[in-house]
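Single-letter residue listing:
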Amino acid sequence: MLVELYVENVALLRRARVPFGPGFNVLTGETGAGKSLLLDALGLAVGLRPPPELLRELAEPIRVDAVFELADWHPAARELERLGFGGEDGQWVLSRELGRSGRGRCRINGRPVSAAELAAAGELLVSIHTQHESHRLLRPAVQLELLDAYAGDEALALRQELGRLYGQWRQAREEREQLARDERRRLQEMDLLRFQIDEIESAGLSEGEEERLQAEYTRLAAARQLRQWLAAALDHLVGSGAGGSGGTDGAGLSALHALGRAQAAVAQAASLDRELSAAVAQLQQAGETLAELARTLRRYWEACEPDPERLAQLEQRLGLIDRLRRKYGQDVSAVLQHLEQARTRLAELAHHEDRLQELEQRLQELEQRYQELAERLAHRREQAARRLAEQVQGELAQLAMPHARFLVRLQKGAPGPAGWDQAEFLFSANPGEQLRPLAHVASGGELSRTMLAVRTVLAEADPVPVLVFDEPDAGLGGRAAQAVGERLARLSRARQVLVVTHLPQVASLADHHLAVTKLEQDGRSSVQVEALNLPGRVQELARMLGGSRITETALRHAEELLRLAQQARGTAASPPAPPA
């Protein structure tokens, strides 16, 4: 409920702290006293656009604070929490400041928010029906939502399931469209990958191949020089060059020949001194080692023949490996790794077609299921629309609009999260008039009464905790005025209702009564708001009954109205105390 409204500089409402109570609250006062200013101030606090005339006449910055209290189980409280606007001890304070430009600052519980966020929070808390504002219930999307709530739990369950299916369908469709948009690029990439795979596979690379080939190439390229150096080495080892038989080349003894002589000499010495036997063995072992070395060098010398054909083959192979390295990696190992990655990516892209088929099948299944549920929900809505129209039309007849017609028009539109139906509330006040959307109803009084009728019927369907009506009883009297008051009182059993009224029959049914008066002081006008106690209510009702002159008869009539109202509402002997 709305606990308090603090206002600064809203036209003649200079500064006021207005308390409200639970249930049925009425605002009364002379015509022009400034009752609508309170509604304007509340509208500003909950994010509505400021009236242009209010900004034109603005002399000082406007400030409004609206304090709300909600139980934590209330749907509005849970939704506010979901939006990130946590309450403090079950209380929410919506604040707004405005300058002449219409710009200002918005806050929720002291935290800065955008104007859109303030409006989103305000819409969860208050629904205002005035001659200028009836913003929420006039929107077709809200009307469809309320129709589903009115239709019952099955309709709400169908709507929720449709929302889930629609979300899955959109996700699958977006993935399919993304795959379709990427088709050309996918085919190009697949062609490139196939070329790379074929190029690398046809090369037949192996790990360590480049190093082996490079060593062989280096050896063959230097074959002539190697043979010269090896021949010289063999000549020193065995004599007579690489093909020598172990003799001398005229320049001296070969190493093996000299070693053999040394071994023979030491052997003779060892025959005289056995301590030299080890030296003989060592010389023999050295000779065998040199002989084995000579044989190894001779084999290498014989194998190291220049081979121009093999050298050309090696150059060609190493050139191929070099080209592949420059394209795919720094070495053969990196090129082979790229090959595996290309094979994996090609397989993924090839699976694209399978995924596309899976998505097509998934979309067909979702569309079929969506259509089945949407048809069931459309049927429920048609039934509920007829019942709702009959009930609202019956309420309108009780509110002095016996010829009014009310219709819920359902049309099939594009599929969405709530199905494919579009709902719109249509209204006609007089015979022969065309049914028009509620947003096009010109008369403020007719709109307020129509909204009252709709609200009465949809009392359980819409969880907004605060309802505001501006003169729903305009132009009425007698039994019709009493019917308006009774319906407002009935609405206030489940939520807080704020009403601006000129009729004492309506005001007498309220739980809390606020009187608005215009004062003149020091040549300056201002508006004052006062919460009335029982004597004050009697005086105000008497004024509403008799005009500016309050007579004893008017006072007695006012007391009688209050007594009858108490009986009608089943309350105690006295009206509820006004808020402190």
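The coordinates are above.
Report on the accompanying structure. (Residues numbered from 1 in each chain as written. Predicted model: local features only at pLDDT ≥ 70, side-chain atom pairs only at ≥ 80, totals over all residues. Heavy atoms only, no water.)

## A look at the packing of aromatic side chains
Thought 1: In the structure shown here, the tally under the stated rule is four aromatic pairs.
Thought 2: For the pair Tyr 166 and Tyr 370, a centre-to-centre distance of 6.4 Å together with 45 degrees between the ring planes defines the contact as tilted. Here Tyr 166, found in helix H6 (residues 153–181), pairs with Tyr 370, found in helix H13 (residues 332–398); they are 204 residues apart in sequence, far enough to count as distant.
Thought 3: Taken together, a centroid distance of 6.4 Å and an interplanar angle of 65 degrees make the contact between Tyr 370 and Trp 420 edge-to-face. Here Trp 420 lies in strand S10 (residues 419–428) and Tyr 370 lies in helix H13, a separation of 50 residues in the sequence.
Thought 4: The exposure class of Tyr 370 is buried, given its relative accessible area of 8%.
Thought 5: Using a relative accessible area of 10% as the deciding quantity, one classes Trp 420 as buried.
Thought 6: One aromatic cluster in this structure is built from Tyr 166, Trp 169, Tyr 370 and Trp 420. (Phe/Tyr/Trp six-rings, centres within 6.5 Å; stacked < 30°, edge-to-face > 60°. Helix = DSSP H or I, 4+ residues; strand = E, 2+ residues; numbered from the N terminus. Buried < 20%, exposed > 50% of the residue type's maximum accessible area, 1.4 Å probe, protein only.)

## Thoughts on H6
Thought 1: With 29 residues, H6 extends 42 Å between its outermost C-alpha atoms, agreeing within 8% with the 42 Å of an ideal straight helix rising 1.5 Å per residue.
Thought 2: Those residues of H6 that sit buried are Ala 155, Leu 158, Leu 162, Leu 165, Tyr 166, Trp 169, Ala 172 and Leu 179.
Thought 3: Those residues of H6 that are buried are in contact with helix H5 (140–151), helix H7 (183–203), H13, strand S9 (405–416) and S10. (Expected span 1.5 Å × (residues − 1). Contact = heavy atoms within 4.5 Å.)

## A short note on the side chain of Glu 209
Thought 1: By the element assignment, Glu 209 lies in helix H8 (residues 209–221).
Thought 2: Of the residues examined, Glu 209 reaches a relative accessible area of 10% and is grouped as buried.
Thought 3: Engagement of the side chain of Glu 209 in a polar contact is seen with the side chain of Arg 317, the distance being 2.8 Å.
Thought 4: Apart from the residues lying within four places of it in its own chain, the contact partners of Glu 209 are Gly 204, Arg 317 and Ile 321. (Polar contact = N/O pair within 3.5 Å; in protein donor to acceptor, adjacent residues only side chain to side chain.)

## Points about the nonpolar core
Thought 1: In terms of nonpolar packing, the biggest core is built from 63 residues, with Phe 24, Leu 388, Phe 406, Phe 469 and Leu 488 touching the most fellow members.
Thought 2: Top contributing element to this core by residue count: helix H15 (residues 478–491), with seven residues.
Thought 3: Setting aside chain neighbours within four positions, we find Leu 388 in contact with Leu 147, Tyr 150, Val 408, Phe 425, Val 457 and Leu 458.
Thought 4: Membership of the second largest hydrophobic core comes to 50 residues, among which are Leu 2, Leu 38, Leu 39 and Val 113. (Core = buried A, V, L, I, M, F, W, Y, C linked by side-chain atoms within 4.5 Å.)

## Looking at the environment of Gln 196
Thought 1: Within the fold, Gln 196 resides in helix H7.
Thought 2: Residue classification places Gln 196 among the buried residues on the basis of a relative accessible area of 12%.
Thought 3: Sequence-wise, Gln 196 and Gln 398 are 202 residues apart; in three dimensions their C-alpha atoms are separated by 84 Å.
Thought 4: Contact partners of Gln 196, with chain neighbours within four places excluded, come to Tyr 328 and His 338.
Thought 5: Here His 338 takes part through its side chain, which lies 3.1 Å from a polar atom of the side chain of Gln 196.

## As for the packing of H7 against H13
Thought 1: Their axes nearest at 9 Å, the elements H7 and H13 cross at an angle of 145 degrees. Crossing angle aside, the handedness with which H7 passes H13 is left-handed. Side by side, H7 and H13 meet where Glu 183, Arg 186, Glu 189, Met 190, Leu 193, Arg 194, Gln 196, Ile 197, Ile 200 and Glu 201 of the first sit next to Val 335, His 338, Leu 339, Ala 342, Arg 343, Arg 345, Leu 346, Leu 349, Ala 350, His 352 and Glu 353 of the second.
Thought 2: Classifying every residue of the contact of H7 with H13 gives ten nonpolar, three polar and eight charged. (Axes fitted to C-alpha atoms, helices over the stretch in contact; angles between N-to-C directions. Left-handed = near helix turned anticlockwise from the far one by under 90°. Nonpolar A, V, L, I, M, F, W, Y, C, P; charged D, E, K, R; others polar.)

## Side note on empty space enclosed by the protein
Thought 1: Under the defined criterion, the tally for this structure stands at two cavities of 30 Å³ or more.
Thought 2: Here the second largest cavity defines a volume of roughly 40 Å³.
Thought 3: Lining the second largest cavity are Leu 2, Leu 5, Phe 20, Leu 27, Leu 38, Leu 39, Leu 42 and Leu 498.
Thought 4: Taken together, the elements giving at least two residues each to the lining of the second largest cavity come down to strand S1 (2–10) and helix H1 (35–45).
Thought 5: The element contributing the most residues to the lining of the second largest cavity is H1, with three residues. (1 Å grid on protein atoms, 1.4 Å probe; cavity = no way out; pocket = protein on both sides within 12 Å on 5 of 7 lines; lining within 4 Å. Points joined across faces, edges and corners; volume = space filled by probe spheres on them.)

## A look at the pattern of salt bridges
Thought 1: For the structure on display, the rule yields 36 salt bridges.
Thought 2: In this structure, the salt-bridge partner of Glu 97 is Arg 107, at a minimum N-O distance of 3.7 Å. You can see Glu 97 sitting in strand S5 (residues 91–98) and its partner Arg 107 sitting in strand S6 (residues 104–108), a full ten residues away along the chain.
Thought 3: What makes Arg 107 partly exposed here is its relative accessible area of 24%.
Thought 4: Its salt-bridge partner being Arg 487, residue Glu 395 comes within 2.3 Å of it at the nearest N-O pair. Pair noted here: Glu 395 is in helix H13 and Arg 487 is in helix H15, with a separation of 92 residues, a long-range link. Each member of the pair, Glu 395 as well as Arg 487, is classed as buried. (Salt bridge = Lys/Arg side-chain N within 4 Å of Asp/Glu carboxyl O.)

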